[in-house]
Amino acid sequence: MCLLLFLIHLLAVPALGLNDSLCRLRGRFDLPRLSKDGDIVIGGSFNIHYYRKEQFLDFRSPPGPPVCKSFDLTQFQFAQTMIYTIEEINKNQTLIPNIKLGYQIHDGCGDPAMSTKVTTLLISGQEETLADPKCKTTSNIPAIVTDAESMQSVAVARVITPFNVTMFSYSAAYDYLNNMYEFPTFFRTIPNDYHQVDGLAQLVKYFGWNWIGTIRSNSTYGALAMDEIIKAMESLGICIAFSEAVHKTDSKEKLQSLIKIIKEATTKIIVAFVAQADMAVLLQEIVRQNVTGIQWIGSESWITMPGISPQKDVKFLAGTVGFAVPKAKLPGLKEFLLEVHPSKYPRNVFVSEFWETTFECVWQKPDNLTQTDSDSEVKFCTGDEKLEEVDNQYTDTSQLRIAYNVYKAVYAIAHSLNNMLSKTNFTFTQLDLWELLHYMYAVNFTARNGESIYFDPNLDTVPLYELVNWQMNSEGVAHVMTIGHYDGLVPFDKRLYLNKENIIWINGKKEVPRGVCSDSCLPGTWKTVRKEMPLCCFTCIPCSDGEISNVTDSVSCLKCPSEYWSNQFKTQCVPKKIEFLSFDDEMGSSLLTLAVIGTCLTVATAIIFYKHRQTPLVKANNSEEFRFAQTMIFAIEEINRSTKLLPNVTLGYQIYDGCSSETQSVKAVMALISTQNEARSDLNCTVNSKVPALFADAGFVSSLAETMLTRPFGISTISFTAMCQCFGDHEFPTLFETVPSDSHQIAAITTLVKHFGWNWVGLIQSSSTYITMESETILSLLERMGICTAFQESFSDTDSKDKIQQIVKRVKEATTKIIIAFATLTDMEVLLQEVVRQNLTGIQWIASDSWVTAPILSPEENARFLVGTLGFIIPKADIPGLKEFLLQVNPNQSPANPLINEFWEKTFHCSMQKLQNGTQCNPESHVQQCTGNELLETIDNAYTYTSQLRSSYRLYKAVYVIAHALHNIFSCGNDSCLNMSDIQPWQASNFRVMSLTRQGLHVTNIALEAFHCCSEKRHVNPSQDHFLRWIFLLKW
């Protein structure tokens, strides 16, 4: 506490002084300036130097005056433009009669602290003492024209706002300043960056580019602006290949790293939202490393700055396209600029330094010269140098853009003063800044070139840009050509206008450069997104035989009707050719012979099956599929018996045979969606389906078809076998999978290979569209991990014997014995038969989950060919009570059910059919009659085998997930819940993430969400049976 009082005492003593009625200046800033007295003085702050030299502070003596370095000819031109405008207004007494404007211009040195000092100086003045007890300044500066950058402008605006001094910026475009309530005295004559961001995104979209790089200034403003640019780009479907930052103070190593990224990037379209000084540094490194072929898209901050485009740099930036503020002509400005001479400003350091920079000499008074000086190597300025002979950033008035913004700012101040003076009794001793601010808001005038100047409610100017293109003439001289414009006041789709015929791109070409990650997929193909890449990067996969796509960038192929086939290019379905054959034709007799042979083979196969009916292969025939169906029934009945999960609600089910056919599966789905009613009174044909979800044991193609069919009705499709990573959330929002995506299995397989140090492997795969796509991901990941592929082969169970033999021969002759087999179970059955026949051993198989645990592949005679196989599978689990439930199935319980009857016949090799007269089967028949008393307990096949419940458990778990979601639907509290009669299928697809802990496994890999309940109370009819029906597509 004592320390605090002591400090306050020290701070208070100088303020009191000897005369308490005087206000004393706390510090003086001796800053160079350009000034001229007047009745009203307009302040100015320009970054006449690039940066301020750091000072050593020892805290023992006051810091010396700031030292600014690196003279900026362009900024000095802006300062002279302000002086020119004020002189023009003073000469023309019609605007502000009998009042003379003055100016006081300081150097902001490109430093925020320096800009704040300059602002404080202009506001407070430099009088040592003030007699006013409120310390009210007598400064007659009502407005300041400043070149402060966007973030500097935020700081400066906060300083001057309490003093009601108007701030005019001609270069701060930051959108954050677009807030009249926070910055009520901040005006600008440059468009808000919101419009430039919008324009850049539209420009990139206009030329069909969707794969670009971005570079920004490494500053707060650069980061915030680039965030908005990327958001605008992504909203138009444009992807970002890389996004980097640069600053004028970056080290050589950092610049080289940035150039390396640019060189190695897969796009040559780069949007550079960079400050002029930062771009100049980047360009120096680009020139040093001779980086050409880049199509630059520039921001207005550097696109037309003459300091960016010396002739030696033309080839690196020729073809650049970007936005610039509109240019204008200021008659008389060129002559005014050429009149500047040190002799007219003998004590002005700015003019002297300008002269020295322009003519590369040292300015000194003639009488100060000594013999030593004259003999030295220093070149002294004579004063006879001619500005007319100089062509630099200062003398160039062909691109008056930012300078025109300065011109407009000064005229806006003058018109506001004129409006105020014409309506009030003005005295120079009392300049009411609040009143002047009122007239600033309402300013509206027409400039000399016909442009209407006014400010919108957010104090922004009219959002107009020119689109410019850097072109090189026959002499190799760069010049900026206007190729279009952007008008932010018109509707969105009409803001951008381009005359693209006038554009000359990089390397002098008229052809638009390529800026896409992947070319469009032509008809006959479909696209799939590349792994771990943006949506703009995809792979085009040809449609399979019998499928077509007839549009560009199709996301799937359509299957032709049964009587049609795809043409050569897979773009349209054409009728199959029908040829009628007679028995006399060679083709007819050949086909008849083959048919007879096929019949004999079928009979032989049936006999073999009967003879070996106790082998694993025969036992597994379709029994597993039937077990899936019974598992779903078991789960539903288990839920119905529970009084906690869904009280007073009974779940029902409908099970259909998909017949291993996509067509049959679609028919079954259509039948269940339409509810099979013969007629409906609803004119809109609305179906009140009670089916909230569909369970499907479907592969890739079937799952795709079923999901596309049910999605418009809001019915969810839940697959417990389809694992394709192509089923994304956005394209298939109603498809849920209770098995992990293949992306995880693929990552696991490749990681396993890497773990054991293998770098030379073979890949065999099923030839289906789905597995072909997944295999491409496998190859990509292997390559990324440094693993090479010795060979890649595809096959199918329908391939000829010769084709299968060739594949086994390829495996046998390969220089690697590490084989990844990403194939279906049926395909691997055929391949393994040939492996056994050729006695091919010594192969280290890496198996996919589809076949690694299949019991039919591992009889004793095959063990030595597969022993040692590695692979990944979904976890197994135990379902208490399922085994007993499965053994209770009997045709006598459901005598009319064809699926149960056929299951019984296949299991016990008997017949459920009776003769027409009701007697038993013909005693001479080799097939015995089923009695219904056969015992399933004596059977060991895929149906009764419950020690490896993997897919069955996924199905069981999915049923419980749906039940819990429905539980959430009907558990909305006492005041708000759902009437069961009002439930819609789409509501069941809006599930909430939940975690079930039955059997110790968490159901968190399915995205489930409960919908919001309505305001009605629930009315449950306990007698209502089969309220919700579920579908199961079973493949036999």
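Reading guide: rules and limits
- Residues numbered from 1 in each chain as written.
- Predicted model: local features only at pLDDT ≥ 70, side-chain atom pairs only at ≥ 80, totals over all residues.
- Heavy atoms only, no water.
- UniProt positions renumbered as here; feature names shortened; annotations may be inferred.
- Phe/Tyr/Trp six-rings, centres within 6.5 Å; stacked < 30°, edge-to-face > 60°.
- Helix = DSSP H or I, 4+ residues; strand = E, 2+ residues; numbered from the N terminus.
- Buried < 20%, exposed > 50% of the residue type's maximum accessible area, 1.4 Å probe, protein only.
- Lys NZ or Arg CZ within 6 Å of the ring centre and 35° of its normal.
- Contact = heavy atoms within 4.5 Å.
- Axes fitted to C-alpha atoms, helices over the stretch in contact; angles between N-to-C directions.
- Parallel < 35°, antiparallel > 145°, perpendicular 65-115°, else oblique.
- Left-handed = near helix turned anticlockwise from the far one by under 90°.
- Nonpolar A, V, L, I, M, F, W, Y, C, P; charged D, E, K, R; others polar.
- Salt bridge = Lys/Arg side-chain N within 4 Å of Asp/Glu carboxyl O.
- Pairing = 2+ DSSP bridges.
- Disulfide = S-S within 2.5 Å.
- Core = buried A, V, L, I, M, F, W, Y, C linked by side-chain atoms within 4.5 Å.
- Domains from an automatic or database assignment.
- pLDDT = per-residue confidence, 0-100.

- In the nomenclature of an unreviewed UniProt entry, the chain is known as G-protein coupled receptors family 3 profile domain-containing protein of Chiloscyllium punctatum.
- Turning to the chain, the UniProt record has this under Subcellular location (unreviewed entry): "Cell membrane".

Quick word on the packing of aromatic side chains
In step 1: Applying the stated criterion to the full structure yields 38 aromatic pairs.
In step 2: For the pair Phe 76 and Phe 354, a centre-to-centre distance of 4.9 Å together with 25° between the ring planes defines the contact as stacked. Taken together, the residues span a long stretch of sequence, with Phe 76 in helix α2 (residues 73-91) and Phe 354 in helix α11 (residues 349-359) at a distance of 278 residues. Both residues of the pair, Phe 76 and Phe 354, count as buried.
In step 3: Here the aromatic cluster, defined as three or more aromatic residues joined through ring pairs, consists of Phe 71, Phe 76, Phe 354, Trp 355, Phe 359 and Tyr 394.
In step 4: Directly above the aromatic system of Phe 538 lies the positively charged group of Lys 527, at a separation of 4.7 Å from the ring centroid.

What about the environment of Met 180?
In step 1: Its location among the elements puts Met 180 in the loop between β9 (166-169) and β10 (186-188).
In step 2: A relative accessible area of 25% places Met 180 in the partly exposed class.
In step 3: Distance from Met 180 to Asp 456, taken between C-alpha atoms, is 10.0 Å for residues 276 residues apart in sequence.
In step 4: When residues no more than four places from it in sequence are discounted, the contact partners of Met 180 are Tyr 441, Pro 457, Asn 458 and Leu 459.

Some points on the packing of helix α7 (residues 252-264) against helix α8 (residues 276-289)
In step 1: As a packed pair, α7 and α8 sit with axes 10 Å apart at the nearest point and diverge in direction by 65°. Taken together, the axes of α7 and α8 lie roughly perpendicular to each other. In this structure, the crossing between α7 and α8 has a hand that is right-handed. The residues of α8 that touch α7, namely those facing Lys 252, Leu 255, Gln 256, Leu 258, Ile 259 and Lys 263, are Val 281, Leu 282, Glu 285, Ile 286, Arg 288 and Gln 289.
In step 2: Here the contact of α7 with α8 is built from residues that sort into six nonpolar, two polar and four charged.

Overview of the pattern of salt bridges
In step 1: The full count for this structure, using the stated rule, is 14 salt bridges.
In step 2: The closest approach of N and O atoms between Asp 460 and Arg 188, which form a salt bridge, is 2.7 Å. You can see Asp 460 sitting in the loop between β17 (452-454) and β18 (464-472) and its partner Arg 188 sitting in strand β10, a full 272 residues away along the chain. An identical accessibility class is assigned to Asp 460 and Arg 188; each is buried.
In step 3: Notably, a salt bridge pairs Asp 799 with Lys 803, separated by 3.7 Å at the nearest N-O pair.
In step 4: For Asp 799, a relative accessible area of 24% corresponds to the partly exposed category.

Topic: the sheet that holds strand β34 (residues 844-847)
In step 1: Within the open sheet, the five strands sit side by side as β32-β31-β33-β34-β35. Their pairing is parallel. Taken across any chain shown, the strands that pair with only one partner, and hence form the sheet edges, are β32 (788-795) and β35 (870-871).
In step 2: Pairing of strand β31 (residues 760-766) with β32 involves seven bridges; the strand directions are parallel. Within the sheet, the bridge partner assigned to Gly 762 lies in β32 and is Phe 791.
In step 3: Relative to the sheet, helix α21 (residues 769-784) contacts β31, β32 and β33 (818-822), its axis offset from that of β31 by approximately 170°.

Some details on the packing of helix α13 (residues 402-421) against helix α14 (residues 433-441)
In step 1: Following both chains from N to C, one finds α13 and α14 inclined at 115°, their axes separated by 8 Å at the closest point. When you trace α13 past α14, the crossing you get is right-handed. Side by side, α13 and α14 meet where Ala 412, Ile 413, Ser 416, Leu 417, Asn 419 and Met 420 of the first sit next to Glu 435, Leu 436, Tyr 439 and Met 440 of the second.
In step 2: Taken together, the residues that form the contact of α13 with α14 break down as seven nonpolar, two polar and one charged.

Overview of the pairing of strand β12 (residues 239-246)
In step 1: Bridge analysis of strand β11 (residues 211-217) against β12 gives seven bridges, and the strand direction is parallel. Considered in β12, the bridge of Ile 215 is made with Glu 244.

Focus on the state of the cysteines
Note on terminology: a disulfide is the covalent bond linking the sulfur atoms of two cysteines.
In step 1: Counted by the stated rule, this structure contains eight disulfides.
In step 2: Here Cys 521 is linked by a disulfide to Cys 540, with a sulfur-sulfur distance of 2.0 Å. Across the S-S bond linking Cys 521 and Cys 540, the dihedral sits near -95°, which makes this disulfide left-handed. You can see Cys 521 sitting in the loop between β20 (496-498) and β21 (525-529) and its partner Cys 540 sitting in strand β22 (residues 538-542), a full 19 residues away along the chain.
In step 3: Given the relative accessible area of 32%, Cys 540 is considered partly exposed.
In step 4: Disulfide pairing places Cys 560 opposite Cys 573 at an S-S distance of 2.0 Å. Taking the sign of the S-S torsion, about -90° here, the bridge from Cys 560 to Cys 573 comes out left-handed. With Cys 560 in the loop between β24 (558-559) and β25 (564-566) and Cys 573 in strand β26 (residues 573-575), the pair connects residues that are 13 residues apart, well separated along the chain.

Here we look at the sheet that holds strand β14 (residues 295-298)
In step 1: Taken together, the eight strands give an open sheet; going across it, the order is β12-β11-β13-β14-β15-β18-β19-β20, and neighbouring strands pair in mixed fashion. A strand with exactly one partner marks an edge of an open sheet, and here the two such strands are β12 and β20. Each strand axis lies, on average, 25° off the axis of its neighbour in the sheet, ignoring direction.
In step 2: Here strand β15 (residues 321-324) pairs with β18 via four bridges, running antiparallel. Each bridged residue has a counterpart across the sheet, and for Gly 322 the counterpart in β18 is Val 468.

A short note on the nonpolar core
In step 1: Residues Phe 46, Met 82, Val 145 and Met 233 are the most contacted members of the largest nonpolar core, which totals 125 residues.
In step 2: The element that contributes the greatest number of residues to this core is α13, accounting for 14 residues.
In step 3: Looking at which domains feed residues into this core, each of domain 1 (26-54 + 64-126 + 137-190 + 328-343 + 398-450) and domain 2 (193-326 + 463-508) gives three or more.
In step 4: Ranked by size, the runner-up nonpolar core spans 43 residues in total, among them Val 649, Ala 693, Ile 718 and Leu 882.

Here we look at unusual backbone geometry
In step 1: One non-glycine residue, Ser 70, adopts positive backbone phi at about 70°.
In step 2: Note on placement: Ser 70 falls in strand β5 (residues 68-71).
In step 3: A relative accessible area of 36% means that Ser 70 is categorised as partly exposed.
In step 4: Residues other than glycine seldom take positive phi values, yet Asn 164 does so here, at roughly 60°.
In step 5: You can see Asn 164 is positioned in the loop between α4 (150-160) and β9.
In step 6: Take Asn 164: its relative accessible area is 14%, and that puts it in the buried class.

Quick notes on the confidence of the model for the chain
In step 1: Here the chain averages 78 in pLDDT, and 76% of its residues register 70 or above.
In step 2: No element of the chain has a lower mean pLDDT than strand β38 (residues 1031-1034), which averages 32, and none a higher one than strand β13 (residues 269-273), which averages 96.
In step 3: Within the model, the stretch residues 1-19 combines pLDDT values under 50 with zero contacts to residues more than four positions away or in other chains.
In step 4: Every residue in residues 915-924 is under pLDDT 50, and counting partners more than four places away or in other chains gives eight contacts.

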